Amino acid sequence: MKKIFNMCKTYFNKYKFMMIIYLFIIVVSGICTFILPIISSGFIDYLSSSKNIQLLVKYCICFTSVSTAGIVIGYMANRVYIKLVGLITYEMNKDIITYVQKIRLTYFSDKDIARLTQQITTDSQTIINFCFDFIQNIILNVFKLIIPIFIVYLINSSLVIIFIILIITYSICYYLFKEKLFKMTYETKEKQNQYFSRLYEQLNKIRYIKTHGIFDWFTKRVRPVFDDMLNSTLKLQKVQYLYTGLDSTIMTVGQIFLFLIGGSMVIMGKISLGAFTLVSSYFSFGISSIRYFFNLGKQIQEARVSYERLSNILDEPIELDEGKQLLTVDEITIENLSFAYNKNTIFNSFNYTFKKGNSYAILGPNGSGKSTLMYLLMGLYNCECGSIRYNDVPLQDLNCIRLRQNLIGVVEQNPDFINDTIYNNLCLYDRYIQPDKIENLMKKWGLKGIANSAQNALNLIINEKNSNLSGGEKEKLAVIRSCLKNPEVILWDEPTASMDFESTKKVLEFIEREKEKKIVIIITHDKIVAETCDYQIEIK
């Protein structure tokens, strides 16, 4: 359990002032809870021995005041709780997502992103809720257990034996169910993620489904995953029901013993009716506390599952924002490079040197490793054997994040854009880039027709699927985004695949103009583009 709290420690420390306020409110709320039974028991004894109406009114006012205070304090506690949980959940999700973004690209080759996203959000929420509930309830329930035992002991020590027997019985039951709960909870969460992933597929592949008219067949893909999830959930429900069923049984037996022993004492005149009411109230407090600790066992196992699943992600090695930073790139040397992807050998002892002032066309059939070479040059894939050096500095010694950010301009085969304005997509939130410069580039590349004017085009919001842009427009925007960096190395993957003849001519002119002060590497099937380059590299 210590590991679970360590995962949240940073976030609790960040909001420790709010945490202190929250805990103070919880303590005050607990005090109100303890005062009410004392008022009630005194009121019952008063009714049996006095007829003073004024004192009766005072009891009612006192009871109303404490109850009202408890309601107000409870509202305040709930408000602070919601705000704290929201802030800490956001911080934790942000940090985990940032970490995942820095994991090597090969990690994602067989990952379902929808499933991974849901896992991160649900598991972090489970851990945070567990820690909060633990901090909140452990304080109250420790007092709700110790104080009732003490008060019951003062009234009649023999009643304390019931508490001791209940605590021992609950402890044995938890020990017997602990590992079973963990295993079943882990399995059920995994099945739930798989089911969510298959549901997501139903809408994510909507074009594929409509194109082939396979609505019924595709929907049937959900059923087996649902059945697995349902079976796993039912197995978990069976274990949990047995666990909670024992809880109810033990509580009922304890309550019966209280009525038998306490009722006998009232009948024999050993304690007053008010004292029995007080014992009964505090006995209920004590029982609820014991039940809390019993059910806490189930919550611990659920939190353990979430902790293990998040830890598996956070144990993955990441790309660190550290290493030597270059100001310019004059040469890229590949030496004896060997690389396999999904157990398929892509490169075997590959050698080549790219030099500034030249343009290079990477040629080869689909699947030969052209795009893989681009990812290797950017440091997105690790070299398994051999080396890639920039200005004779090994890639692993460089800060690859800054290298890609500042010195490499990339145009992907299928450019990605976020759901934001064209301006933000092009400058990548670099506010120092002047809009005039972007507008001139858009006119130069023939993009002024996207909107009524270049200025309006910059404010045009690209939708989530990028469907309000044509293939050619996306490629041109990607080229502009690459140019705005003024990079030392240009890596373009099929930049003219969706361009018309005039736009392709602009690309050729750009290559000729820029190669003098850059290393230009272009993956292409276009013979005209390939012949424009100084060197052609065939990858088979």
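Just above sits the structure.
Given the structure is predicted, the values throughout are model-derived calculations rather than measurements.

## Quick look at the pairing of strand S2 (residues 344-355)
Two faces make up the sheet, and in a regular strand the side chains alternate between them.
Consideration 1: One ladder, built from eight bridges, connects strand S1 (residues 331-341) with S2; its direction is antiparallel. Each bridged residue has a counterpart across the sheet, and for Ile332 the counterpart in S2 is Phe354.
Consideration 2: The turn joining S1 and S2, which pair antiparallel and follow one another in sequence, is formed by two residues; a positive phi near 50° is taken by Asn342.

## Let's talk about the environment of Phe283
Consideration 1: If you trace the backbone, Phe283 turns up in helix H9 (residues 273-314).
Consideration 2: Look at Phe283 and you get buried, because its relative accessible area is 0%.
Consideration 3: Once the C-alpha coordinates of Phe283 and Gly254 are considered, the two residues, 29 residues apart in sequence, prove to be 9.4 Å apart.

## Things to note about the sheet that holds strand S3 (residues 359-363)
Consideration 1: Pairing is parallel across the open sheet formed by five strands, whose spatial order is S6-S7-S8-S3-S9. The sheet terminates laterally at strand S6 (408-411) and strand S9 (535-538), the two strands that pair on one side only. If you compare each strand with its neighbour and ignore which way they point, the axes differ by 15° on average.
Consideration 2: Bridge count for S3 against strand S8 (residues 519-523) is four bridges, and the pairing is parallel.

## Brief notes about the nonpolar core
One broad rule of soluble globular proteins: the nonpolar side chains tend to lie buried together.
Consideration 1: Core analysis: the largest hydrophobic core is formed by 42 residues, its most contacted members being Leu84, Met92, Ile127 and Phe132.
Consideration 2: Of all the secondary structure elements, the ones that give two or more residues to this core are helix H1 (2-14), helix H2 (16-49), helix H3 (53-101), helix H4 (113-155) and H9.
Consideration 3: Looking at which element gives the most residues to this core, the answer is H3, with eleven residues.
Consideration 4: Here Ile127 is in contact with Ile4, Met7, Cys8, Met92, Ala303, Ser306, Tyr307 and Leu310, once residues within four sequence places are set aside.
Consideration 5: Core analysis: the second largest hydrophobic core is formed by 36 residues, Ile362, Leu373, Val489 and Leu491 among them.

## Re H1
Consideration 1: Between the first and last C-alpha of H1 there are 19 Å, a value that for 13 residues agrees with the 18 Å anticipated at 1.5 Å per step.
Consideration 2: The axis of H1 is deflected most strongly, by about 50°, at Cys8.
Consideration 3: Every buried residue belonging to H1 is among Ile4, Met7, Cys8, Tyr11 and Phe12, and all of these are buried.

## Things to note about the packing of aromatic side chains
Consideration 1: Following the criterion strictly, the structure yields 18 aromatic pairs and no others.
Consideration 2: Judged by centre distance (5.3 Å) and plane angle (45°), the ring pair of Phe347 and Phe350 falls under tilted.
Consideration 3: By relative accessible area, Phe347 is classed as buried at 3%.
Consideration 4: Relative to Tyr535, the ring of Tyr360 lies with its centre 5.3 Å away and its plane at 20°, an arrangement referred to as stacked.

## Brief notes about the pattern of salt bridges
Consideration 1: Per the counting criterion, the structure on display carries 19 salt bridges.
Consideration 2: Residues Asp123 and Arg309 are paired through a salt bridge, measuring 2.8 Å at the closest nitrogen-oxygen approach. Of this pair, Asp123 sits in helix H4 while Arg309 sits in helix H9, and the two are 186 residues apart along the sequence.
Consideration 3: Residue classification places Asp123 among the buried residues on the basis of a relative accessible area of 0%.
Consideration 4: Notably, a salt bridge pairs Asp321 with Arg402, separated by 2.7 Å at the nearest N-O pair. One end of the pair, Asp321, is in the loop between H9 and S1; the other, Arg402, is in helix H11 (residues 400-407), with 81 residues separating them in the sequence.
Consideration 5: Taking relative accessible area as the criterion, Asp321 reaches 37% and is therefore assigned partly exposed.
Consideration 6: Residues participating in the shared-partner salt-bridge network are Arg115, Asp123, Lys189, Glu190 and Arg309.

## Structural notes on the state of the cysteines
Consideration 1: Tallying each qualifying case throughout the model produces zero disulfides.
Consideration 2: Cys400 takes part in no disulfide bond, and the closest cysteine sulfur to it belongs to Cys383, at a distance of 9.3 Å.
Consideration 3: Residue classification places Cys400 among the buried residues on the basis of a relative accessible area of 7%.

Here is what the cut-offs are and how they apply
Residues numbered from 1 in each chain as written. Predicted model: local features only at pLDDT ≥ 70, side-chain atom pairs only at ≥ 80, totals over all residues. Heavy atoms only, no water. Pairing = 2+ DSSP bridges. Helix = DSSP H or I, 4+ residues; strand = E, 2+ residues; numbered from the N terminus. Buried < 20%, exposed > 50% of the residue type's maximum accessible area, 1.4 Å probe, protein only. Axes fitted to C-alpha atoms, helices over the stretch in contact; angles between N-to-C directions. Core = buried A, V, L, I, M, F, W, Y, C linked by side-chain atoms within 4.5 Å. Contact = heavy atoms within 4.5 Å. Expected span 1.5 Å × (residues − 1). Bend = angle between axes of the 7 residues up to and from the residue. Phe/Tyr/Trp six-rings, centres within 6.5 Å; stacked < 30°, edge-to-face > 60°. Salt bridge = Lys/Arg side-chain N within 4 Å of Asp/Glu carboxyl O. Disulfide = S-S within 2.5 Å.

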